[in-house]
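Structural overview for review
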Amino acid sequence: MSMTLKQRLLNFLSQGLKFGTVGALGFVVDFTVFNLLRTTVLDSADVHAGPIYAKIISTVLAILVNWLGNRHWTFRKNRQNHTAREGLEFLAVSLVGMGIGIGCLWFSHYVLGYTSVLADNIAGNVVGLFLGSVFRFTLYRYWVFAPSRSGASASVAHADTRSGAIALAAAPER
């Protein structure tokens, strides 16, 4: 017996809320580090590409926080047995997501000429974050942490065929 539409929707919403919570923590790390660097050692008055370097550094730190949170909480039921491969795939998706945010920042800062700290934050931490988050959630859910790729998928499928959706919901968490 397969999951009902209601169960799938609830699962999707649950993962979305957890992803958002983990993302909020990553955002705090990203935002704080970016602004500390952007207004001190990587100020654009002193370092021409300072905002870009600051965004790269802050995003890499946020990626680490997000991987740990998503691996151990959001998608914990779907973790792969191959942690290194999962980590590399997560990093690849995250780097493309970072590229989306940096692209928005670059376009705003260097093409449109909006160079204030506020404009840099809107471009990188609002527009870029939104677009990058949609991209990342989609690929994390359907590729990196896809149930068909997890170490638990065989036992969940077995429980599903024997006992139905109740056993699926009660499957032991990793």
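Report on the accompanying structure.

This part takes up the layout of surface pockets. As a volume, the second largest pocket reaches approximately 410 Å³. As for the second largest pocket, its lining consists of 28 residues, and the residues nearest its centre are Gly-23, Asn-66, Leu-129, Ser-133 and Arg-136. Put simply, the parts of the chain that give the lining of the second largest pocket at least two residues each are helix H1 (5-38), helix H2 (50-74), helix H3 (83-111) and helix H4 (117-144). Sort the elements by how many residues they give to the lining of the second largest pocket and H4 lands first, with ten residues. Each residue belonging to the lining of the second largest pocket can be placed in one class, and the counts come to twelve nonpolar, 13 polar and three charged.

Turning next to the pattern of salt bridges. Between side chains of opposite charge, a pair can form when the charged atoms approach closely. Going through the model one piece at a time under the given rule, you end up with three salt bridges. With its nearest N and O atoms 2.9 Å apart, the salt bridge here joins Asp-120 to Arg-38. One end of the pair, Asp-120, is in helix H4; the other, Arg-38, is in helix H1, with 82 residues separating them in the sequence.

Calculation criteria
- Positions within a chain are numbered from 1, following the residues in the order the chain's sequence is written.
- The model is predicted, so local features are restricted to residues of pLDDT at least 70 and side-chain atom pairs to those at 80 or more, both for listing and for counting; the totals for chains, interfaces and linings are taken over all residues.
- The side-chain figures draw on all heavy atoms in the structure; neither hydrogens nor water molecules are used.
- Within this scheme a cavity is a closed region of a 1 Å grid, computed over the protein atoms alone, that accommodates a 1.4 Å probe without allowing it to escape, whereas a pocket is open but has protein on both sides within 12 Å along at least five of seven lines; lining residues each have an atom within 4 Å of a point.
- Grid points are joined across faces, edges and corners, and a volume is the space filled by probe spheres set on the points.
- Working definition: helices are DSSP H or I runs of at least four residues, strands are E runs of at least two. Numbering for both runs from the N terminus.
- Polar here means any residue other than Ala, Val, Leu, Ile, Met, Phe, Trp, Tyr, Cys and Pro, which are nonpolar, and Asp, Glu, Lys and Arg, which are charged; Gly is therefore polar.
- Counted as salt bridges are all cases of a side-chain nitrogen of Lys or Arg within 4 Å of a carboxyl oxygen of Asp or Glu.

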